[in-house]
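So the chains spell out like this:
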Amino acid sequence: MSAGRTVLSNNVSKDRVVSKFEQAYHADATPYQKMNFHPKVKSACSENRTGTVGLKISKAVIVGDVSVGKTCFVNRFCHDVFDRDYKATIGVDFEVEKFSILSTNFTFQIWDTAGQERFKCIAASYYRGANVVIVAFDLTEEDSLNNVDRWMEDASENASEPIKFLIGNKRDLLSDAAYEDIESRAVDAANRLGAEYWAVSAKTGENVREFFFRAVSLTFDSQMLKELESTRTVSSKQIGNDLISLQKQNTNLYEAQKKKKLKCCDTS
Ligand SMILES: Nc1nc2c(ncn2[C@@H]2O[C@H](COP(=O)(O)OP(=O)(O)OP(=O)(O)O)[C@@H](O)[C@H]2O)c(=O)[nH]1
Ligand SMILES: [Mg+2]
């Protein structure tokens, strides 16, 4: 967490409070059509029934070619800084952001991986169990867009039904006309990958906060729903088991009564 942030009593920074569901950047480039938190999630949060719900943690990995701006993008969000000098990520870096979503504490881990081929093995060992996969490319480098399929395939392989994003970074370097040209290709790529597309700039901060709030809202909603559903299944299973044992008890009682009666008859 950056120094100087106002921290609330629940240990969450004031600018990490999520009360509205951030919308997609491009309506035609998202598989996630929900416009709001699920009613079940909302009511569980408002009635404070989330105490038993999981660890309330989400793991995100960001992957993509060398120098597309992954580290700058993460640093813009987590520390509100931008570094013009390129410093290659060695293996993997890690950030933790604490959110308060609908008044529920939620931890978002961000694993920033290296794009350099020689670190691929180390970086790939951190993909496992990711809830969110972010594939980044450089809007000014066509090759980096051509490689997004491979990155998505590798990163999603061992993830658990992740929420997928495609991020085009360095928007500040393009005129509107030049951007429009690449946008249609980016939208096609996002739809092909089943990912939601965002154009951002780590340098100016354009859409960075909006993106992270969107990502965290989607993963929170989907994880909470899954957990609420599994708690319900467990309790209905438990009720089922209780009923069976009650029936068994009744049968045993009936058998005992029968035996008792028989004994009575025998003695008479
Ligand atoms: N103009 C501009 N430059 C950017 C932006 N984001 C990153 N850069 C520059 O791009 C270069 C690479 O940025 P990094 O964030 O280190 O790239 P990376 O994807 O983490 O690279 P690896 O760690 O090697 O995979 C740096 O010189 C940054 O200053 C941006 O939004 N706009
Ligand atoms: Mg990096």
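A brief report on the enclosed structure follows. (Residues numbered from 1 in each chain as written. Chains lettered and ligands numbered in written order. Predicted model: local features only at pLDDT ≥ 70, side-chain atom pairs only at ≥ 80, totals over all residues. Heavy atoms only, no water.)

When its secondary structure is counted, the chain shows seven helices and seven strands. Going from N to C terminus, the chain has its helices and strands arranged as β-α-β-α-β-β-α-β-α-α-β-α-β-α. Of the contacts formed within the chain by residues at least 6 apart in sequence, a portion of 75% connects residues at least 24 apart. (Helix = DSSP H or I, 4+ residues; strand = E, 2+ residues; numbered from the N terminus. Contact = heavy atoms within 4.5 Å.)

By nearness alone, 25 residues border ligand 1, and Lys70, Asp83, Tyr86, Gly115 and Asp172 come closest of all. Ser67 is positioned such that a nitrogen or oxygen atom in its backbone is 3.0 Å from an oxygen atom of ligand 1. Protein chains shield 93% of the accessible area of ligand 1, which is 660 Å² for the free molecule. Here the shell around ligand 1 gets three residues from one element, more than from any other, and that element is helix α2 (residues 70-79). A class-by-class count of the residues in the shell around ligand 1 yields nine nonpolar, seven polar and nine charged. (Near = heavy atom within 4 Å. Polar contact = N/O pair within 3.5 Å; in protein donor to acceptor, adjacent residues only side chain to side chain. Areas by Shrake-Rupley, 256 points an atom, 1.4 Å probe, with all protein chains shown as cover. Nonpolar A, V, L, I, M, F, W, Y, C, P; charged D, E, K, R; others polar.)

A separate point is the nonpolar core. Counting 39 residues, the largest nonpolar core has Phe73, Phe99, Ile101, Phe108, Phe165, Phe211 and Phe220 as the members making the most contacts within it. At the level of secondary structure, the elements contributing two or more residues to this core comprise α1 (39-46), β2 (57-64), α2, β3 (92-101), β4 (104-113), β5 (132-138), β6 (163-169) and α7 (208-267). In terms of residue count, the dominant contributor to this core is α7 (ten residues). Setting aside residues up to four positions removed in sequence, Phe99 forms contacts with Val12, Arg16, Val18, Phe77, Thr104, Asn105, Phe106, Phe108, Phe213 and Val216. (Core = buried A, V, L, I, M, F, W, Y, C linked by side-chain atoms within 4.5 Å. Buried < 20%, exposed > 50% of the residue type's maximum accessible area, 1.4 Å probe, protein only.)

Among the residues making up α1, those that are buried are Val41, Ala44 and Cys45. Down the axis of α1, the smallest arc covering the buried residues is 95°, so these residues share one side. In α1, those exposed residues whose orientation departs by more than 90 degrees from the buried face are Pro39 and Ser46. Backbone geometry just after α1 places Asn48 at a positive phi near 60°. (Arc of directions from axis to C-beta.)

With respect to topology, seven strands assemble into an open sheet ordered β1-β3-β4-β2-β5-β6-β7, the strand pairing being mixed. Pairing within the sheet leaves two strands with one partner each, and these edge strands are β1 (17-18) and β7 (196-199). In the packing of α2 onto the sheet, contacts are made with β2, β3, β4, β5 and β6, and the angle to β3 comes to roughly 35°. In this fold helix α5 (residues 148-157) packs onto β2, β5 and β6, with an angle of close to 160° to the strand it touches most, β5. (Pairing = 2+ DSSP bridges. Axes fitted to C-alpha atoms, helices over the stretch in contact; angles between N-to-C directions.)

Let us now look at the coordination of the magnesium ion (ligand 2). Taken together, the protein donors to the magnesium ion (ligand 2) comprise Thr71 (OG1) and Thr89 (OG1), at separations of 2.0 Å. With Thr71 in helix α2 and Thr89 in the loop between α2 and β3, the pair connects residues that are 18 residues apart, well separated along the chain. Given a relative accessible area of 22%, Thr71 falls into the partly exposed group. (Donors = N, O, S within 2.8 Å, 3.2 Å for Na, K, Ca; no water.)

Glancing now at unusual backbone geometry. At Ser67, a position not held by glycine, the phi torsion is positive, near 70°. As for its placement among the helices and strands, Ser67 is situated in the loop between β2 and α2. Even without a glycine there, the phi angle at Asp80 is positive, about 50°. Checked against the element boundaries, Asp80 lands in the loop between α2 and β3.

Remember, this is a structural readout, not a statement about activity or role.
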